Amino acid sequence: MTETNSKLNKFMQRDAAVILYGNAVAGILISLLTSSFLVFAFSYPRIDPLKKIWWWVMTCLLLIRFFDMIWWEVKLKKTQFDGNIATIRFITGANLTALMWSVYLVYCTTQGNDIELTTTIIAIAAMAGGSSTVLAAHKYTAIFFPCILLTPGSIGLILSDQKHLQLLGILGLSFSIVMLVISRNSAKFTANTLFLKNENSILVHQMEEKVKQRTHKIYELSNLDPLTRLFNRTAFLEQLKVVTTTPQKPFALLFIDLDGFKKINDSIGHKAGDDILRETANRLSQFTKDSQLLCRWGGDEFLIVFSDIDEASAVEKSKQLIALLSEPHNTENSILSVGATIGIALYPIHAKTEDRLIQLADMAMYYQKKQMRSAVCVFTEEMEKLFAYDLHLKNGLTKAIENKQLRLVFQPIICSKTLNIAAFEALLRWQLDDENIPPDEFIPIAEQYGLIHEIGAWVLQHACMQAKQWDNKREIIVCVNVSIIQLQDENFIGIVEEALSSSLLPAELLHIEITESVFASDLVVITNQIKSLQSMGVQVSIDDFGTGYSSLSAMQDLAVNMVKIDRSFVNKVDSNGKAIISAVMHMSSALNFTVIAEGVETEEQSQALLQLGVHYFQGYYYSRPIEIENIPSYLESKHSNTA
Ligand code: C2E
Ligand code: CA
Ligand code: CA
């Protein structure tokens, strides 16, 4: 409010100065003409030397005021000048002029020339009358200007001894009093008008400002991503459309996806996730200072356009970006890092429309993520075929259960000492239009599109139901592969309970196999899930051991029941695989887990593994995975072998 008031004051002072200076020429000219007429016309031919001096002083004063007015007109008027200072300058000149007139009138009263005196009084009174409007923009000058002009002279006349001069004095004094009232009203009116005018213009200005702010806010809401302040999808697409529809130099569109962001978001929390996204957006903005085309596409995905660039430079820039985005983030409590994988599509080589370019860059990114994260990849047609195949699989998988295309086969796990069957591993098979799709191909797709939950539950249910029908006396265990995504699901324990209770299979006969990739995920969640399973009586194995991420301390924390040595080591049991397997055997006695060797294909391998103390064998040497209908006869043959 006070800010508005001081603004209003400033505007009013400036307007007042404009009015005062605007009338200055008239005032100065009238004073010059009147003074010249009074001094030279009455005294001619003998000019009173004192009046002449007065005239010179008056003329100089008027000249100074004139030049001041010219200077104001030329230099100041169009600037944001200080109205107060300009007004003070003006009224100093005006009041000095008034004083000069007052001196003149007083001097005339002492000269005893009645006609001259009367003429002078009339002339000065006329000037005093005119001043009420000319000076109305400055209240005190407007009020006192006529008084200064007339009052001293009039009082001088009243004090004289001649009656007609006394009457003239009374007339002058009355006139100056009337003028005082009129000037006061006129000044009040002018001030009021200026106030209303400026108040209105300030209100209009404030309104315009508000509209501007609202428009800006609406623009932000509809065009900017609230978290990162980067363009959102809509705004980016609009800008990109402009670029693709006007003839253009080549450009590169980068699809950037952060690596490891989801893990931070899930395990450390959304606040840390938000901090990382904001900081990533900052780094991207700084890197692409002159590019307008940068957006948060969604989640942890960002798009950038680099104009006028060839493939090699786009790849080079992407590598720099990956390095920049992979630098650690200092969040509130910890130092976190994410990576970035980038896919590139080039205009106009790969596509000419914005939607297609984004789709192809996304495809290249997706392809690269599958091969190796935190690297860059330029789109090729090969990728499109692979992507189409993936999509074909995904569409088929969504209906695979409904269309009864899924089935389980079971591969025996043999005790190394007794050669008895200890367990069967359930392995999933999918037949799509006469084609057997290997699980290594479709499981990752099921995981990626979230289909693994439904499929995994189906596997658990059917594996338990099958196991229940096997030879009850020998208590054969069933091992079920569970994807890490299933294990992280909060409903997972419920799904296992349901599979056990509906099949009536004792929990002790169910083993869950999880791959070593668990060590790369949130260990707290995983450890809790494993503990819950174990408290139910279900055992847990680490699958494909040795291929990835396991650490000794994590093994200790997880306290799994079994470890399955990956077949790549079993393959090399006669060379460098031996050392690793014997190290695992040492660990097994220290950490109290049993060891299964996977992919045993030869007699020699089984002998070597037996010597190393491996507890169980699984592999083609003993049996390939068996179809459900062949299990009874397989068990029967084994039974008769061992009997
Ligand atoms: P895995 O769990 O390591 O399963 C063992 C794989 O090795 C099976 O391949 C099996 O057929 C194969 N195998 C067994 N013995 C030998 C051998 O002596 N030599 C060779 N070369 N291979 C042998 P499969 O059935 O193709 O399964 C591949 C992978 O797919 C599995 O690896 C597992 O990770 C995944 N998978 C299979 N079924 C399921 C399932 O129901 N759920 C989940 N999440 N994953 C599954
Ligand atoms: Ca397995
Ligand atoms: Ca395995």
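This one's a predicted model, so the numbers in the text were calculated from it and none came from an experiment.

Asks: Break down the coordination of the calcium ion (ligand 2) for me, with residues and values.
Replies: For the calcium ion (ligand 2), every protein donor is listed as Glu-425 (OE), Asn-481 (OD1), Glu-513 (OE) and Asp-543 (OD), and the spread of their distances is 2.1 to 2.2 Å. One chain supplies every donor to the calcium ion (ligand 2), and in sequence these donors are spaced E-x55-N-x31-E-x29-D. A separation of 4.1 Å is found between the calcium ion (ligand 2) and the calcium ion (ligand 3), both of which receive a donor from Asp-543. One end of the pair, Glu-513, is in strand S12 (residues 510-515); the other, Asp-543, is in strand S13 (residues 539-545), and 30 residues separate them in sequence. Neither Glu-513 nor Asp-543 differs from the other in exposure class; each is buried.

Asks: Would you mind going over the site of ligand 1 in detail, with residue names and values included?
Replies: Near ligand 1 you find 21 residues, and of these Gln-411, Arg-429, Asp-543, Glu-601 and Tyr-620 are the closest. At 2.9 Å from a nitrogen atom of ligand 1 is found a side-chain nitrogen or oxygen belonging to Gln-411. When isolated, ligand 1 has an accessible area of 790 Å², and the protein chains bury 86% of it. Counting residues per element, the ones that place at least two in the shell around ligand 1 are strand S9 (421-432), helix H14 (439-448) and S13. Looking at the shell around ligand 1, the element that brings in the most residues is S9, giving four residues. Tallied by class, residues from the shell around ligand 1 come to eight nonpolar, five polar and eight charged.

Asks: So what's going on with the pattern of salt bridges? Residues and values would help.
Replies: This model, assessed by the stated rule, comprises 20 salt bridges. Notably, a salt bridge pairs Lys-564 with Glu-425, separated by 2.8 Å at the nearest N-O pair. Taken together, the residues Lys-564 in strand S14 (residues 562-565) and Glu-425 in strand S9 connect sequence positions 139 residues apart. Here Glu-425 falls in the buried class, since its relative accessible area comes to 4%. Among the charged side chains, a network of salt bridges with common partners joins Glu-425, Glu-513, Lys-564 and Glu-598.

Asks: Please provide a residue-by-residue account of the state of the cysteines, values included.
Replies: What the rule picks out here adds up to zero disulfides. Sulfur of Cys-147: no disulfide; nearest cysteine sulfur belongs to Cys-108 and is 20 Å away. With no disulfide partner, Cys-479 has as its closest neighbouring cysteine sulfur the one in Cys-464, 11 Å distant.

Cut-offs applied
- Residues numbered from 1 in each chain as written.
- Chains lettered and ligands numbered in written order.
- Predicted model: local features only at pLDDT ≥ 70, side-chain atom pairs only at ≥ 80, totals over all residues.
- Heavy atoms only, no water.
- Donors = N, O, S within 2.8 Å, 3.2 Å for Na, K, Ca; no water.
- Helix = DSSP H or I, 4+ residues; strand = E, 2+ residues; numbered from the N terminus.
- Buried < 20%, exposed > 50% of the residue type's maximum accessible area, 1.4 Å probe, protein only.
- Near = heavy atom within 4 Å.
- Polar contact = N/O pair within 3.5 Å; in protein donor to acceptor, adjacent residues only side chain to side chain.
- Areas by Shrake-Rupley, 256 points an atom, 1.4 Å probe, with all protein chains shown as cover.
- Nonpolar A, V, L, I, M, F, W, Y, C, P; charged D, E, K, R; others polar.
- Salt bridge = Lys/Arg side-chain N within 4 Å of Asp/Glu carboxyl O.
- Disulfide = S-S within 2.5 Å.

Everything listed here is a matter of geometry and, on its own, says nothing about what the molecule does.
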